[in-house]
Amino acid sequence: MQAPDWQQALKQAFSELDELLRYLKLTEQELKSPLKNPESFGLRVPREFADLIRKGDPSDPLLLQVLPSGLEAITHPFFKTDPVGDLEARTVPGLLHKYQGRVLIMATGACAVHCRYCFRRHYPYTGATASPQKWQGILDYLRTDPSIREVILSGGDPLMLEDDRLGEWIEQLAGISQLQRLRLHTRLPVVLPQRITGGLMDLLSRSPLQPVIVLHINHPRELSPALITATRTLQAAGITLLNQSVLLRGVNDSEQTLITLSEALFAGGILPYYLHMLDRVAGASHFEVSTEKAKKLHREMRQNLPGYLVPKLVREISGKGSKTPLDLT
Ligand SMILES: *Cc1c(COP(=O)(O)O)cnc(C)c1O
Ligand code: SF4
């Protein structure tokens, strides 16, 4: 059988810096900081996302999210390889149970794009994700805890799994009586909108679990016409669409960008959910926005937008029972 379109498209993703720069009509000299090609967590940019990047602009906010920068080599005492205590929260292999009532399953370690600020960029995925062997252990754990109402498929990116595998897992989850909701945290529709296949729609609409998709969009220009077509399809199937963004220096740390983003999300049928402070992961210190500036931006959003278009500004603090609103830090 031929691989689905989205998998073929993924094979065409840029993984060589030279090639990406040529495509974007940029030279290394034009980039602000020296580049290196990292050995682990290398460059990965699907062509569909590269097409949204402005050609010849070394400061393009979409480019900055995916371009390996020499600044990643900066070491900073507060920027760690496991910034949010994920390693301690592993309850059974492949599962994180940090918060009451919901669990997160690391469905896979793979992603279609490598975001340079990713808090799991150093996560030891090998052997840590929900492989078919570990799946039984996960189901057993869910059955023993009646307080769990929601399962979050995350990773990595859960939509990197093929429809067959995903469908099988979702069906097994539906067999756990107390579960009500199934949430997917994904960036795939943003960087590869053709991932929203008919097959995926079938398996989500067939499930008795109420589906929620949390997209990850940081900048209004990521809302391409192809993505909007995909979100319309999801919305028509009754799927709740939310968005989380990460506040990133040079990418979306301006009042105008954030306001435009919220409005563009809503126009696409997506509600802003969280605006995350950057997790302090080693290699990402150059993306950090100060707490003071973040609060100011959030205040401006509140003043200029209806309440339902203002995402919650939060930070993840290891050991806490939920994400922490910035006002409480
Ligand atoms: C962020 C997160 C969740 C989801 O938190 P919500 O506030 O419900 O969106 C669940 N589990 C883990 C481990 C998380 O990091
Ligand atoms: S898609 Fe999400 S998990 Fe994957 S690299 Fe980007 S931020 Fe990290």
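Structure report, in brief. None of these values were measured; they are calculated from a predicted model. (Residues numbered from 1 in each chain as written. Chains lettered and ligands numbered in written order. Predicted model: local features only at pLDDT ≥ 70, side-chain atom pairs only at ≥ 80, totals over all residues. Heavy atoms only, no water.)

## What about the pairing of strand E6 (residues 240–246)?
Stage number 1. Taking burial as the measure, the seven residues of E6 include six buried ones, the bulk of the element.
Stage number 2. Each parallel crossover has a hand, and for strand E5 (residues 210–216) linked through helix H10 (residues 225–236) to E6 it is right-handed.
Stage number 3. In the sheet, E6 pairs with strand E7 (residues 271–276) via five bridges, with the strands oriented parallel. Its bridge partner lying in E7, Gln 244 is registered against Tyr 274.
Stage number 4. As a crossover connection, the stretch from E6 through helix H11 (residues 255–267) into E7 is right-handed. (Buried < 20%, exposed > 50% of the residue type's maximum accessible area, 1.4 Å probe, protein only. Helix = DSSP H or I, 4+ residues; strand = E, 2+ residues; numbered from the N terminus. Right-handed = clockwise from strand over helix to strand, strands pointing away. Pairing = 2+ DSSP bridges.)

## Looking at the site of ligand 1
Stage number 1. Taken together, Lys 98, Tyr 99, Arg 102, Leu 104, Ile 152, Arg 183, Tyr 273, Tyr 274, Glu 316 and Lys 323 make up all the residues around ligand 1.
Stage number 2. The side chain of Arg 183 places a nitrogen or oxygen atom 2.8 Å from an oxygen atom of ligand 1.
Stage number 3. Lys 323 is positioned with one of its side-chain polar atoms (N or O) 2.9 Å from an oxygen atom of ligand 1.
Stage number 4. Protein contact buries 93% of the 390 Å² of open area that ligand 1 shows by itself.
Stage number 5. Secondary structure elements with two or more residues in the shell around ligand 1: strand E1 (95–99), strand E2 (102–106) and E7. (Near = heavy atom within 4 Å. Polar contact = N/O pair within 3.5 Å; in protein donor to acceptor, adjacent residues only side chain to side chain. Areas by Shrake-Rupley, 256 points an atom, 1.4 Å probe, with all protein chains shown as cover.)

## Brief notes about the site of ligand 2
Stage number 1. In the vicinity of ligand 2, the residues found are Phe 41, Cys 111, Val 113, Cys 115, Cys 118, Arg 187 and His 216.
Stage number 2. For the shell around ligand 2, the class distribution of residues is five nonpolar, one polar and one charged. (Nonpolar A, V, L, I, M, F, W, Y, C, P; charged D, E, K, R; others polar.)

## A short note on the pattern of salt bridges
Stage number 1. Per the counting criterion, the structure on display carries 16 salt bridges.
Stage number 2. Its salt-bridge partner being Glu 316, residue Lys 98 comes within 2.6 Å of it at the nearest N-O pair. Of the two residues, Lys 98 is situated in strand E1 and Glu 316 in the loop between strand E8 (312–315) and strand E9 (324–325); the sequence distance between them amounts to 218 residues.
Stage number 3. A relative accessible area of 14% places Glu 316 in the buried class.
Stage number 4. The salt bridge partner of Glu 150 is Arg 181, with a shortest N-O separation of 2.6 Å. Of the two residues, Glu 150 sits in strand E3 (residues 150–154) while Arg 181 sits in strand E4 (residues 181–186), which places them 31 residues apart along the sequence.
Stage number 5. Taking relative accessible area as the criterion, Glu 150 reaches 7% and is therefore assigned buried.
Stage number 6. A residue is classified by how much of its surface remains accessible, and Arg 181, at 28% relative accessible area, is partly exposed.
Stage number 7. If you follow the salt bridges from partner to partner, you end up with Arg 54, Asp 57, Asp 60 and Arg 221 in one network. (Salt bridge = Lys/Arg side-chain N within 4 Å of Asp/Glu carboxyl O.)

## A word on H11
Stage number 1. Counted at 1.5 Å a residue, the expected span for H11 with its 13 residues is 18 Å, and the 18 Å between its end C-alpha atoms agrees.
Stage number 2. Once H11 ends, the next one or two residues include Gly 269, with phi positive near 80°. (Expected span 1.5 Å × (residues − 1).)

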